[in-house]
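An overview of the molecular structure
Chain by chain, the residues:
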Amino acid sequence: MEFVLFIFLPVIFAILVPFAYKKIKGIHTGWFVLLVPLVLFSYYVSFLPLVMDGGHAISEMKWIPSLGIAFTSYIDGLSLLFTLLITGIGSLVVLYSVFYMDREKEDLGSFYVYLLIFMTAMLGVVQSDNTMTLYLFWELTSISSFLLIGFWYTKDKSRFGALKSMMITVFGGLMMLGAFILLSIMGETFSVRELIAQAPDLMNQPYFTLALVLLLLGAFTKSAQFPFYIWLPDAMEAPTPVSAYLHSATMVKAGIYLVARFTPIFGSASTWIWLVTGIGLLTLFWGSFFAVKQTDLKAILAFSTVSQLGLIMSLLGAGAISYHATAAIFGFATYAAIFHLINHAAFKGGLFMIAGIIDHETGTRDIRKLGGLMSVMPISFTVAAIGSLSMAGLPPFSGFLSKEMFLESMVALRHFELFNFDTWGIMFPIVAWVASVFTFTYSMYFVLKTFIGQKKFEQLPKQPHEAPIGMLIAPMILATIVILVFFIPNVIGKWIIKPAVMAIQPTLYASPSAVDIHVKAWHGFGAAGLWLTIGVVVFGTLLYLTIPKWQPFYRIQPEKLSLNNGYDALMRGSEKGLNRVSRLYMTGKIRTYLLYMFAFMSVTIIAILFIKDAFVLDMNSFTAITLYGSLNAIVLILSVGFVVFAKSRLAAIIALGGVGYSVALFFVIFKAPDLALTQLVIETVSVALFLLAFKHLPALSTHGETKRNKVVNLIVSLSVGVMVTLVALSSHSQKMIPSISQYYKDTVESEAAGGNIVNVILVDYRGFDTLFEIAVLAIAGIAVLGMIRLRVSRKEPNDENK
Amino acid sequence: MKTNDVILQTTAKVVFFIIFLFSIHIFFAGHYAPGGGFVGGLLTTGAIVLLLLAFDLRTIQQILPFNFTIMTAIGLLLALGTAAGSIFFNVPFFTHAFSDFDLPLFGHTSLHTAMLFDSGVYLVVVGSAITIIQSIGGDD
């Protein structure tokens, strides 16, 4: 069984979804879709025993063998972890969406198709061993995310957010493609595994640093790191199941995956460690600091996602230090990164679902209007509290363990002595701690402002009540996981985290069991993590209690200086600027464009003929002048002259037909019956067509042309004529490459079983050309039909914003 | 002004069939003698254009009640399908096959998949040319 095909299971199932949606009205489409992630999850779980022992599985399907591009599913600890996240959280999200998305009001067909496309894309990203297919799937996640954010496409904000996210992530994707191409130039392979095997050699290659930076641009844009995070808050316009799935649990972690996957190649470079750790910490701080500013529940969660992603990123950066320092504490960092990644997916997914429930049951997500919901929504409150406390890093929840490991790792950075860390290293624990304080604050802000405090039900659009039980199942499962992991961290470690750590740092560990880490909740009073956590709680509580006093200070930052404004200005500016540039030469008149084209063509070709000294005239190859030939030439020249000087279009068109017919006669004289036949018929049909179109054209006028225009036209047309004549003469006079005619003569009978070479060329030898030509012809026909028959009246208003 | 075009109309009725039959002949002969799907299609188009000149667009649509847009699509699918068909026989895309058959009525005949492809070309040429002419001519 080629399990690489399982990547495509969701997208194949997506073909059936619209039928299920249209035909089966009684059952919510989501129930059918739920099968896909469930089946995949239970299938991929069966890989756990293999991967736990440090093994891996490969399945390959050839795609473009000549270029070395294949769909390769490579399952090791890291990709299995992500695969299980994608399918596991995917199942819960689909279950949740069954209750969230109204069967009557929403276009469920499109929704689940997009979601399934995303699932395939994401599985492809984390399992692909081939960088080209990895890139393909990577961009497919961007596109499906675009579709899902813009799902409610009648809202301006949805479309804006969708476009913004696509602009930024596709930009990053292209940068990443650059990195992959550079890597393939350096390592002469597209396979990630083979690249990793030659990692020490790649270090010294000239493109190494460039590839590193480009790859990180891809990862940072996708994982919403500073300063690219601005797309994530706007992506919250998506339906909440999408936010929970794409924009917190899976897609935004693709960047994390990329960094983890390429750590064996780039990890030993100082640029990598500085950039990943530094940008990660900056994002952690920035996100947590601005989360408290937000008033929309989902915006708070978006900023908190940004900050948590920064946390994981910085841990991966710190983990790469273990290539230089043997201290176990740095291996610890990678472990913590993976651990926190799992925890984050669990608690953040749950929190997003709760935010969706609140929105669903009260009609608003504005935290200023909410309050005191605990009494009416006790289950939601419990789940939200578990998630928030885990996010804040408190026991007995899983977030506490990974958060403490994070703080320990950051403190350990002080002792690292390479790459100037001895001077600046002290910054890292300080920033990490301050960010943790803010994390605590916004976690409290999220849950307490919503559920506790004054009841303001009269301000709410709907009378709030507890959500239906079906909607609560998914967040409740996630909350259970959050608690469970706290009590059995080492089981999770043994089954999932250690194999993943080994996959990230294959040179350091021989097998997953060699990762010598045992997670404990209690390290004794001497542990730095404990005191830092206590400090976080104390200062975080203080900050929370004083929020009304300092929240207004956010307004000090002028709107003009924000990153969002920078993005808007960039978009507007490039649109306006480029418009201005193209207006410079785009006059809207076809005659001007033709002038450009002809002038350019004749100038370049004549120049090349001149520079390369390519003009050759060989009178010997010419045929003798015959009576018929010269008569025909006279007719031809006369008709051309008539076209140029004709006063009416009708006359010009008929004269043009005359030109065509005399050319056809030349074909007859030179014994090319196929060409003559085709030319004759084409001429007939096109004259008829011209005459039909003729009555729609305005009367022949001068279009306000001056004498200077006419001189320019004359020069250009003369040079085109000269160019064509010169090229024709010299190409006939010299054969630089032996003619292929003999090959055709020899093989037309044996290979193609035909007699007429011209037609066999059309349908067989060069069938591809014909195929594309008739495709173009069909497109032209449909375009004319669309332009004329189906054109929309201009007076009709654009109903996009209705 | 109402023109008297009795001669044109009468001639067109006869000549149409001559051109049309010739185009079919040229289409089938293409593999061995001058001709082929492209020229054949153009000739058929020419025949229809002749009818158009003699009569008006509406009459033509009554005589030939085809949807020429769909004809284009069928032709394109036929061409693409012939080209893609070779994949199922595990030979490269666009490999043609041919063989000799003894058919009733026709006797010993050589049949080619190239012919299928060529008929796709024929349909696309006729379909899109007439689509263009109909849409430009019908826009009043």
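Since the structure is predicted, the reported quantities are computational estimates derived from the model, not experimental observations. (Residues numbered from 1 in each chain as written. Chains lettered and ligands numbered in written order. Predicted model: local features only at pLDDT ≥ 70, side-chain atom pairs only at ≥ 80, totals over all residues. Heavy atoms only, no water.)

So, the overall build of chain A
Within chain A one finds 33 helices and 2 strands. Along the longest, intermediate and shortest principal axes, the C-alpha atoms of chain A span 110 × 65 × 55 Å. As displayed, chain A has an accessible area near 37,600 Å², and 69% of this comes from carbon and sulfur atoms. Taking the average location of the 54 positive side-chain charges in chain A and that of its 44 negative ones, the two points are 12 Å from each other. (Helix = DSSP H or I, 4+ residues; strand = E, 2+ residues; numbered from the N terminus. Areas by Shrake-Rupley, 256 points an atom, 1.4 Å probe, with all protein chains shown as cover. Lys, Arg positive; Asp, Glu negative; His and termini not counted. Charge placed at Lys NZ, Arg CZ, Asp CG, Glu CD.)

Things to note about the pairing of strand 1 (residues 57-64) of chain A
Residues and elements named next belong to chain A. In terms of strand pairing, strand 1 meets strand 2 (residues 69-75) through 7 bridges, oriented antiparallel. Looking at the pairing, Ser-59 lines up with Ser-73 of strand 2. Taken together, strand 1 and the strand that follows it, strand 2, pair antiparallel across an intervening segment of 4 residues, in which Gly-68 is found at a positive phi of about 75 degrees. (Pairing = 2+ DSSP bridges.)

Quick notes on the pattern of salt bridges
Residue and element names in this part refer to chain A. Scanning the entire structure with this criterion turns up 12 salt bridges over all chains. Note that Lys-155 is salt-bridged to Glu-237, the shortest N-O span being 3.6 Å. Highlighted residues: Lys-155 in the loop between helix 6 (131-149) and helix 7 (156-187) and Glu-237 in the loop between helix 11 (231-234) and helix 12 (240-249), separated in sequence by 82 residues. Its relative accessible area of 16% is what places Glu-237 among the buried residues. Here Asp-156 makes a salt bridge to Arg-159, at a shortest N to O gap of 2.7 Å. With Asp-156 and Arg-159 both in helix 7 and 3 residues apart, this pair spans about one turn of that helix. On the basis of relative accessibility, which here comes to 46%, the residue Asp-156 falls in the partly exposed class. (Salt bridge = Lys/Arg side-chain N within 4 Å of Asp/Glu carboxyl O. Buried < 20%, exposed > 50% of the residue type's maximum accessible area, 1.4 Å probe, protein only.)

Quick notes on helix 28 (residues 649-669) of chain A
For an α-helix the count is 3.6 residues per turn, leaving residues at separations of three or four pointing the same way. Residue and element names in this part refer to chain A. Taking 1.5 Å of rise per residue, the 21 residues of helix 28 would be expected to cover 30 Å, and the 30 Å separating its terminal C-alpha atoms lies within 8% of that figure. On its buried face, helix 28 is in contact with helix 27 (627-645) and helix 29 (673-694). Directly after helix 28, the chain includes Lys-671, whose backbone phi takes a positive value near 60 degrees. (Expected span 1.5 Å × (residues − 1). Contact = heavy atoms within 4.5 Å.)

Some thoughts on the UniProt feature "transmembrane region" (unreviewed entry) in chain B
All names here are of chain B. As annotated in UniProt, the feature "transmembrane region" (unreviewed entry) corresponds to residues 12-32, 38-57, 69-91 and 111-133 in the numbering used here. What you have in residues 12-32 is 86% helix and 0% strand, and the ends, taken at the C-alpha atoms, are 30 Å apart. For the annotated span residues 69-91, helix accounts for 74% and strand for 0% of the residues, and the straight-line distance between the end C-alpha atoms is 32 Å. (UniProt positions renumbered as here; feature names shortened; annotations may be inferred.)

A closer look at the packing of helix 13 (residues 254-266) of chain A against helix 15 (residues 297-320) of chain A
Residues and elements named next belong to chain A. In contact at an axis separation of 10 Å, helix 13 and helix 15 are set at 5 degrees when each is read in the N-to-C sense. Classified by the interaxial angle, the pair formed by helix 13 and helix 15 is roughly parallel. When helix 13 is examined against helix 15, the residues Gly-255, Ile-256, Val-259, Ala-260 and Thr-263 are found in contact with a partner set consisting of Leu-309, Ile-312, Met-313, Leu-316 and Ala-320. Split into classes, the residues belonging to the contact of helix 13 with helix 15 amount to 8 nonpolar, 2 polar and no charged. (Axes fitted to C-alpha atoms, helices over the stretch in contact; angles between N-to-C directions. Parallel < 35°, antiparallel > 145°, perpendicular 65-115°, else oblique. Nonpolar A, V, L, I, M, F, W, Y, C, P; charged D, E, K, R; others polar.)

Observations regarding the UniProt feature "domain: Na+/H+ antiporter MnhB subunit-related protein" (unreviewed entry) in chain B
Annotation from UniProt places "domain: Na+/H+ antiporter MnhB subunit-related protein" (unreviewed entry) at residues 7-130 of chain B. Each end of residues 7-130 of chain B is marked by a C-alpha atom, and these two atoms are 24 Å apart; helix forms 68% of the span and strand 10%.

Considering the interface of chain B and chain A
Listed as interface residues are 43 residues of chain B and, on the opposing side, 40 residues of chain A. Counting each side, the surface lost to burial between chain B and chain A is near 3,500 Å², with a carbon and sulfur contribution of 76%. Our count for the contact surface shared by chain B and chain A stands at 0 salt bridges. Only helix 2 (37-54), helix 4 (68-85) and helix 5 (113-137) of chain B provide two or more residues apiece to the side of chain B that touches chain A. The element contributing the most residues to the side of chain B that touches chain A is helix 5 of chain B, with 14 residues. A breakdown of the residues in the side of chain B that touches chain A according to their chemical character gives 24 nonpolar, 16 polar and 3 charged. (Buried area = accessible area lost by both parts, 1.4 Å probe.)

Some points on the layout of surface pockets
Residues and elements named next belong to chain A. Volume-wise, the second largest pocket comes out at about 780 Å³. Breaking the lining of the second largest pocket down by element, the ones donating at least two residues are helix 7, helix 11, helix 14 (270-291), helix 15 and helix 25 (563-585). Residues that form the lining of the second largest pocket fall into these classes: 11 nonpolar, 5 polar and 7 charged. (1 Å grid on protein atoms, 1.4 Å probe; cavity = no way out; pocket = protein on both sides within 12 Å on 5 of 7 lines; lining within 4 Å. Points joined across faces, edges and corners; volume = space filled by probe spheres on them.)

Things to note about the packing of helix 5 (residues 108-127) of chain A against helix 12 of chain A
In helix packing, the relevant descriptors are the interaxial angle and the interaxial distance, both defined with respect to the helix axes. Residues and elements named next belong to chain A. One way to put it is that helix 5 packs onto helix 12 with a least axis distance of 12 Å and a crossing angle of 5 degrees. Between helix 5 and helix 12, the angle falls in the class roughly parallel. In this structure, helix 5 contributes Phe-111, Leu-115, Phe-118 and Met-119 to the contact, and helix 12 contributes Pro-241, Val-242, Tyr-245 and Leu-246. Residue classes in the contact of helix 5 with helix 12 are distributed as 8 nonpolar, no polar and no charged.

Notes on the packing of aromatic side chains
Residue and element names in this part refer to chain A. In this structure the tally under the stated criterion is 50 aromatic pairs over all chains. Note on Trp-63 and Phe-71: the rings are 5.0 Å apart at their centroids and 25 degrees apart in plane angle, and the pair reads as stacked. By relative accessible area, which is 42% here, Trp-63 ends up partly exposed. Take Phe-71: its relative accessible area is 9%, and that puts it in the buried class. The interplanar angle of 20 degrees and the centroid separation of 5.5 Å between the aromatic rings of Phe-266 and Trp-272 together place this pair among those described as stacked. The same class applies to Phe-266 and to Trp-272, which are both buried. An aromatic cluster of at least three residues, connected via ring pairs, comprises Phe-226, Tyr-229, Phe-285, Trp-286, Phe-289, Phe-290, Phe-303 and Phe-438. (Phe/Tyr/Trp six-rings, centres within 6.5 Å; stacked < 30°, edge-to-face > 60°.)

Points about the environment of Gln-551 of chain A
Residues and elements named next belong to chain A. Mapped onto the elements, Gln-551 comes out in the loop between helix 24 (547-550) and helix 25. A residue is classified by how much of its surface remains accessible, and Gln-551, at 23% relative accessible area, is partly exposed. Separated by 87 residues in sequence, Gln-551 and Pro-464 have C-alpha atoms that sit 28 Å apart. Contact partners of Gln-551, with chain neighbours within four places excluded, come to Val-292, Lys-293 and Tyr-445.

Examining the pairing of strand 2 of chain A
Most of strand 2 of chain A sits out of view: 7 of its 7 residues are buried. Burial along strand 2 of chain A is two-sided: the residues Ile-69, Phe-71, Ser-73 and Ile-75 of chain A and Ala-70, Thr-72 and Tyr-74 of chain A are all buried.

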